[in-house]
Structure formats: structure tokens, C-alpha cells
Amino acid sequence: MNIDITKLQQDLIDYFTTAINPFDVDLKGIEEIYNLSEDKLISLATSNGFNIELYKIEE
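A brief report on the enclosed structure follows. (Residues numbered from 1 in each chain as written. Predicted model: local features only at pLDDT ≥ 70, side-chain atom pairs only at ≥ 80, totals over all residues. Heavy atoms only, no water.)

1. Examining the environment of Tyr15
So, point 1. Among the secondary structure elements, Tyr15 is positioned in helix 1 (residues 5-19).
So, point 2. The spacing of Tyr15 and Asn48 is 33 residues in sequence and 9.3 Å in space, taken between C-alpha atoms.
So, point 3. Setting aside its immediate chain neighbours within four residues, Tyr15 contacts Asn48 and Phe50. (Helix = DSSP H or I, 4+ residues; strand = E, 2+ residues; numbered from the N terminus. Contact = heavy atoms within 4.5 Å.)

2. Section: the pattern of salt bridges
So, point 1. Going through the model one piece at a time under the given rule, you end up with two salt bridges.
So, point 2. Between Lys7 and Asp11 there is a salt bridge whose closest N-O contact spans 3.0 Å. Of the two residues, Lys7 and Asp11 both sit in helix 1, four residues apart, roughly one turn of that helix.
So, point 3. Of the residues examined, Asp11 reaches a relative accessible area of 17% and is grouped as buried. (Salt bridge = Lys/Arg side-chain N within 4 Å of Asp/Glu carboxyl O. Buried < 20%, exposed > 50% of the residue type's maximum accessible area, 1.4 Å probe, protein only.)

3. Considering the nonpolar core
So, point 1. Counting 12 residues, the largest nonpolar core is built from Ile3, Ile5, Leu8, Leu12, Ile13, Ile30, Ile33, Leu41, Ala45, Phe50, Ile52 and Tyr55.
So, point 2. Those elements giving two or more residues to this core turn out to be helix 1, helix 2 (27-35) and helix 3 (38-47).
So, point 3. Sort the elements by how many residues they give to this core and helix 1 lands first, with four residues.
So, point 4. Sequence-distant contacts of Ala45, defined by excluding residues within four places in its chain, comprise Leu8, Leu12, Phe50 and Ile52. (Core = buried A, V, L, I, M, F, W, Y, C linked by side-chain atoms within 4.5 Å.)

4. Examining the packing of aromatic side chains
So, point 1. The final tally for this structure, using the stated rule, is three aromatic pairs.
So, point 2. Ring geometry for Tyr15 and Phe16: centres 5.1 Å apart, planes at 70°, overall edge-to-face.
So, point 3. Overall, the relative accessible area of 26% leaves Phe16 in the partly exposed class.
So, point 4. Taking 6.5 Å as the distance between ring centres and 40° as the angle between the ring planes, the aromatic pair formed by Phe50 and Tyr55 counts as tilted.
So, point 5. Each residue in the set Tyr15, Phe16, Phe50 and Tyr55 is aromatic and connected to the rest through ring pairs, giving one cluster. (Phe/Tyr/Trp six-rings, centres within 6.5 Å; stacked < 30°, edge-to-face > 60°.)

5. Some points on the environment of Asn2
So, point 1. Note that Asn2 resides in the segment before helix 1.
So, point 2. Residues Asn2 and Glu59, 57 residues apart in the sequence, show an inter-C-alpha distance of 8.3 Å.

Set out below in C-alpha cells:
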């Protein structure tokens, strides 16, 4: 399955930064999202209610 990882990463960052106080953003946590493997990124997204089907890239 081909996933638009860049879009998924950005949406996860947006999700986590809007879920917390914007003046207390955990920049280390955001950096960790960029360093996750594709499988772990998808796992994090699905565990937070993201529909991975929306990020599929049609070939």
C-alpha cells in the first residue's frame, strides 16, 4: 500500500499541536514524528483515529 507519508506526518503534527496548548508545543515530540518509520507512523495515526485510506496514493 502506497501512503502519502508527508501528508500523514503533517496532519499528525497538526493534530497533536492543536490538541495541546499552542504556547506549550512539545517540539521534541514533533521531531519524533518525523523520525518514525512508515509502519510506526501508520500505527500512531490509526491509534489516534486517522483513516489511512484517505492517504492512499493511487498508482
